[in-house]
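Descriptive analysis of the structure
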Amino acid sequence: MKLGMCAGVGCPQDTSEIFGENTKGEKEELFPSFYRRFEVFASKIGTWSSRMSVRRATHAGSWYTSSVQDLNDQLDGWLAAAKPTLSPARAIIAPHAGYAYCGACGAHAYRQVDPRNIKRVFILGPSHHVRLNGCAVTATHTYNTPLYDLIVDTGINQELLQTGEFEVMDIQTDEDEHSIEMHLPYVAKVMESKKDQFTVIPVLVGGLSVDQEANYGRLFSKYLADPHNLFVISSDFCHWGQRFRYVYYDRSQGEIYQSIEALDRMGMDIIEHLNPAEFTSYLRKYENTICGRHPIAVLLNAVKCLKTANSHTLSLQFLNYAQSSRCRRTGDSSVSYAAAALVIH
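To start, this report covers the structure provided alongside it. All figures in this text were calculated on a predicted structure; none of them were measured in a lab.

1. Some details on the packing of aromatic side chains
Overall, the coordinates contain 15 aromatic pairs when judged by the stated rule. Taken together, a centroid distance of 5.8 Å and an interplanar angle of 50 degrees make the contact between Y99 and Y186 tilted. Within this pair, whereas Y99 is found in helix α5 (residues 99-110), its partner Y186 is found in helix α8 (residues 184-190), the two being separated by 87 residues in sequence. As far as burial versus exposure is concerned, Y99 and Y186 are alike and both buried. With a centroid separation of 5.7 Å and 45 degrees between ring planes, the pair formed by Y282 and Y286 is classed as tilted. Pair noted here: Y282 and Y286 are both in helix α11 (residues 276-286), with a separation of four residues, about one helical turn. Comparing Y282 with Y286 shows no difference in burial state: the two are buried.

Dropping the structure here:
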């Protein structure tokens, strides 16, 4: 009997070697229960394999509309209201909350994207649901969006994995996380003229140490240097209120929401300096709840490597700021959003 390998167990390659030369119908008559179970098992394997290769748009229909027409109309409207003041962007910082809260703000970052030369889009998003000590890439080949499917760059994923610094996230983690998905419709929209001609590299960023931020910045710097690449840095800004366990309030700034904005803008100014050490000091002093602080720090460290390695001029500027609501009482809460673009001359 010839044997193949099936899940690590020797399995017959041809069932005729067990059952003889009976026709399929005869075998079903001989072993009806076996064949029914086998067909169900094979069907489940096919469904499981298909799901593992595709990340579904799990937040469509809740965090943003699943209607293609409505989504197109929303994105077109928000992008039309923004101006291309810092284009072409090599990297952008944009929020990842529900579009009802931050869709308009994010458009100011995506308006700076010129799709003509872009072949790859790196999306760095913070991990909200799992403890991750480094960074992780997706195991899937395709990311669904209501607009069209995005192709994952498995070649770049392999390059990253070969450094020994990246893990592979499981499908549950991938589909639960919103920090990457919330950027996919915007990426699809601004890149629609290059549909099927570009790839995406989603990267989940964990709770990195300062040394790790520097290391990942160094690893990503060669990709940031390539004008065919775009980096999307996913981050909201201050999460204020008792439910976030953060209630910093500088009364000299006026109302609570004004204090929050002053704190955020201090951080935004520091990010514009492109100095990772200064950003780290700011976070240590004020503990501002910027959920994408690690992806931002990775970008700042990548920029630092580029500035050290060559004579390119890099400039980052924030273009928009918003809050989900205006906090006036200690029982209120809000999340802040900001949009920025980085250009390299």
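Past the structure itself, the notes keep going.
2. A look at the packing of α11 against helix α12 (residues 293-309)
Interhelical geometry of α11 versus α12 gives an angle of 155 degrees and a closest axis separation of 9 Å. By the angle between their directions, the pair α11 and α12 is classed as roughly antiparallel. The segment α11 lies against α12, with P276, F279 and L283 engaging R293, I296, A297, L300, N301 and K304. Considered class by class, the residues forming the contact of α11 with α12 number six nonpolar, one polar and two charged.

3. Some remarks on the layout of surface pockets
In this structure, the largest pocket occupies an estimated 870 Å³ of space. Lining the largest pocket are 37 residues, with S127, T289, C291, R293 and H294 sitting closest to its centre. At the level of secondary structure, the elements contributing two or more residues to the lining of the largest pocket comprise α9 (210-224), α11, α12 and β14 (334-344). When its residues are assigned to classes, the lining of the largest pocket shows 17 nonpolar, 12 polar and eight charged.

4. Observations concerning the sheet that holds strand β8 (residues 150-151)
In space, the three strands of this open sheet follow the order β3-β7-β8, with mixed pairing throughout. Looking at strand neighbours, the two that pair on one side only are β3 (54-55) and β8, the edges of this open sheet. Inspection of the sheet shows strand β7 (residues 142-143) paired to β8 by two bridges, in the antiparallel sense. Residue pairing across strands places T142 opposite I151, the latter belonging to β8.

5. Here's the deal with unusual backbone geometry
Only a minority of non-glycine residues have a phi that is not negative, and only a minority of peptide bonds are not trans. Note that the residue after S87, namely P88, is joined by a cis bond; omega there is 5 degrees. Topologically, P88 is positioned in the loop between α4 (68-81) and β4 (91-94). Non-glycine residue D196 carries a positive phi angle of around 65 degrees. One can find D196 in the loop between α8 and β10 (199-205). Of note in the backbone geometry, L274 takes a positive phi value of approximately 60 degrees without being a glycine. Of note, L274 is situated in the loop between α10 (256-272) and α11.

Quick notes on the rules
Residues numbered from 1 in each chain as written. Predicted model: local features only at pLDDT ≥ 70, side-chain atom pairs only at ≥ 80, totals over all residues. Heavy atoms only, no water. Phe/Tyr/Trp six-rings, centres within 6.5 Å; stacked < 30°, edge-to-face > 60°. Helix = DSSP H or I, 4+ residues; strand = E, 2+ residues; numbered from the N terminus. Buried < 20%, exposed > 50% of the residue type's maximum accessible area, 1.4 Å probe, protein only. Axes fitted to C-alpha atoms, helices over the stretch in contact; angles between N-to-C directions. Parallel < 35°, antiparallel > 145°, perpendicular 65-115°, else oblique. Contact = heavy atoms within 4.5 Å. Nonpolar A, V, L, I, M, F, W, Y, C, P; charged D, E, K, R; others polar. 1 Å grid on protein atoms, 1.4 Å probe; cavity = no way out; pocket = protein on both sides within 12 Å on 5 of 7 lines; lining within 4 Å. Points joined across faces, edges and corners; volume = space filled by probe spheres on them. Pairing = 2+ DSSP bridges.

On their own, these measurements won't tell you what the molecule is for.
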